[in-house]
Amino acid sequence: MREAFAKLIKRLKKSYKPEDLDVVRHAYRVANEAHQKQLRASGEPYIMHSIEVATILAGLGLDPVTCAAALLHDVVEDTKHKIPTIRKEFGDDIAQIVDGVTKISSLSFPDNDKDREEQQAQNIRKMLVATAQDLRVIMIKLADRLHNMRTLKYLESADRIRISRETLDIYAPLANRLGISRWKWELEDHAFHFLMPDVYKNISRLVAMKRHEREAYLEKTITFLEPRLLEAEVVARVIGRPKHLYSIYEKMSRQGKDFSQVMDVLGIRIITQTDAGCYNALGVVHSLWTPIPGRLKDYIAMPKLNMYQAIHTTVMRENGLPMEVQIRSEQMDFIAREGIAAHWRYKEGESGRDDKLDTQLTWLQKMYDWLKDAGSQDNLMESMRQDFSSANIYVFTPRGEVKELPQGATPLDFAYLIHSHIGHHCIGARVNGKIVPIRYNLQMGDSIEILTSKNQEPHFDWIDFVVTGRARTRIRQRLRELGEIAPVEETKAPVRPRQYHVSPKTPPPPVVREVDEATRRKLVRVQGLKGMQVQFAKCCNPMPGHTIVGYVTRTPGISIHRAECKSFARSARDHSRVVQASWEGEGQMLAKIRLVTRNRPNLLADITNALRPLNIDILNAQFGPGEDVNNHFDFQFEAADEGNIEQVAKTVARVPGVFDVIHLGVQKPQPEETPSHAKNPAKKRFKEAG
Ligand code: MN
């Protein structure tokens, strides 16, 4: 035990001044004395547990005060020492931490038949309330649990199961929330071992059998990839991503895959020296192997709630097997492994605190504030969710684009966000690879693929469970078109004309209504711009659904005519004054643009942000290496007209890091087109719905 303690001191000496360690020695003396006659279930002196817990914390870089409190963490619970004694000996700070840890230990976490998720949230809440404001309490409790899990085999079987379940339900998710992935994995694997020993042994046996094969495959990949990264001047190391037993099990049970399907997917991690290198590395990877659509996720531009940052992509290997690639900088990697604990390291450094960590601490602070205010248990789950993910959630399209939706949004809201006809024909969705109904409650970070059927049409009850106004408006509109509900005054909501035929076989006539002039004006785009001063020519009275043109009049404004208007053809002599015009949502074409970029962090996010006010739908985006050090970023979007395309081009050209904008052409909509995109199912579905 002296040896163990010497090891702890040695570890702390690496980062802290010798005089700072006095408190640790003092705590050791007190704890050792207090636990003197106690033994662990393993037969070891009890103090060994306290030393191990402190050493686990020191391993994450935590400070001597936290380690001292860790040495004392079981003193109050198990010995005659009480908090006032600790306070007298060690002061308020340590006394409060020890008190917090003791309180958590006295909590009970009931395991009844309630909804597992709700139970989990309640328990985490309970724990956070008990720990008040001090994060160090949670850190000690997690380290305590980790050591208990490492030595769980000495306990009775019933205790092993109870403690393991609690670990999976509370402590592993908590470690995950704090971003400490290495603790999360270890906690999960231990718990898995005790809860399902047979499955655990089976999987670990299979992993061992596959090890040589996998290592050889990995080695080959690294040898191939590293020189190519260097050629592109990306300084990076490539490592294999270990598969944790519990995560293999989860994949197998959740996605219904068998062992080899999970194991065949090689996971690699590219760790670059600089943040900008991540995007260059992505370009290299995508130039070597074909990316699988929808699997690109940019958590650099959009970090996860626990501040995790990386780019994820999945590519198809030459042997037909997918490979998962995670790309992150050394700094991001450090935070990915140690999460909030990384904070302590920076705190000690002279360069001051890291912004991201500050953000994370702010989040925790917010959570505590909420916990203090939280009243009734009834809306606990809802407030918990809101707190964990603010008012809006970010979800991903199959192409990896990020969409923002309000809390409580359903796949139907998402479908209407993409296109009204995808909404009308939506029958469900595949969320993170799993099929879910249209009412499913979307969560932060979900990856959503909408499933459609041309036989599907909106139902009345859809209006009640969608949460976005956009979806609600469009459902009503469609129900009206179908004659399911009576038409209402058209002034209330701007009516958009039907954009596509539902079925090419029996094309229904375009819906053209008598809409009032103000509504009509709102629907007109001139050169792609909305909100222009327009008047409707009396000679032809253009309505949504008609092909239109604009003519710049002498009194400031633009006169809108139907394209076939004879009187316009006669009078409009000055061709320089003829401008393009279209109805909102009509005459959409698919434009493709290439940006020549020098990659830097957040470039994608900045491009997306710049485009946001234009309200365009980006349909497809791809990074690829260009000439020299430049990269190409190609994307497609639905444009109202040429003016709209020009506007998009001008907007993106202003984003720093974009050097050139190249038009790659336009595809006009072809209503009679039969789906012929068999090789791209996502695209096919989109076309089908359109
Ligand atoms: Mn303990």
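The structure we're discussing is the one just above.
My aim in this report is to walk through the structure given alongside it, one point at a time.

Rules of the game
Residues numbered from 1 in each chain as written. Predicted model: local features only at pLDDT ≥ 70, side-chain atom pairs only at ≥ 80, totals over all residues. Heavy atoms only, no water. Helix = DSSP H or I, 4+ residues; strand = E, 2+ residues; numbered from the N terminus. Buried < 20%, exposed > 50% of the residue type's maximum accessible area, 1.4 Å probe, protein only. Contact = heavy atoms within 4.5 Å. Areas by Shrake-Rupley, 256 points an atom, 1.4 Å probe, with all protein chains shown as cover. Phe/Tyr/Trp six-rings, centres within 6.5 Å; stacked < 30°, edge-to-face > 60°. Lys NZ or Arg CZ within 6 Å of the ring centre and 35° of its normal. Salt bridge = Lys/Arg side-chain N within 4 Å of Asp/Glu carboxyl O.

The next thing to look at is the overall build of the protein. In terms of helices and strands, the protein carries 28 helices and 21 strands. Counting all 690 residues of the protein, 51% fall into the buried class. In the protein, the share of contacts with a sequence separation of at least 24, taken over all contacts with a separation of at least 6, comes to 66%. For the protein, the computed accessible surface area is about 33,100 Å², with 51% contributed by carbon and sulfur atoms.

Under the defined criterion, the tally for this structure stands at 9 aromatic pairs. Centroid distance Tyr299 to Tyr308: 6.1 Å. Interplanar angle 70°. Geometry classified as edge-to-face. Like Tyr308, Tyr299 is buried. Ring centres 5.8 Å apart and planes at 35° place the aromatic pair Phe635 and Phe637 in the tilted group. Of the residues examined, Phe635 reaches a relative accessible area of 1% and is grouped as buried. Look at Phe637 and you get buried, because its relative accessible area is 0%. An aromatic cluster of at least three residues, connected via ring pairs, comprises Phe192, Tyr200, Tyr246 and Tyr249. In this structure, Lys184 is placed above the aromatic ring of Trp185, and the distance from its NZ or CZ to the ring centre is 4.1 Å.

Attention shifts here to the pattern of salt bridges. Within this structure, the stated rule accounts for 23 salt bridges. The salt bridge involving Lys210 is made with Glu213; its shortest N-O contact spans 3.9 Å. Taken as a pair, Lys210 and Glu213 lie in helix 12 (residues 197–231) at a separation of 3 residues, close to a single helical turn. Residue classification places Lys210 among the buried positions, given a relative accessible area of 17%. Owing to a relative accessible area of 53%, Glu213 belongs among the exposed residues under this scheme. For Arg317, the salt bridge identified is with Glu318, shortest N-O distance 2.8 Å. Residue class for Arg317 comes out buried when judged on its relative accessible area of 7%. Residue Glu318 is classed as exposed on the basis of its relative accessible area of 59%.

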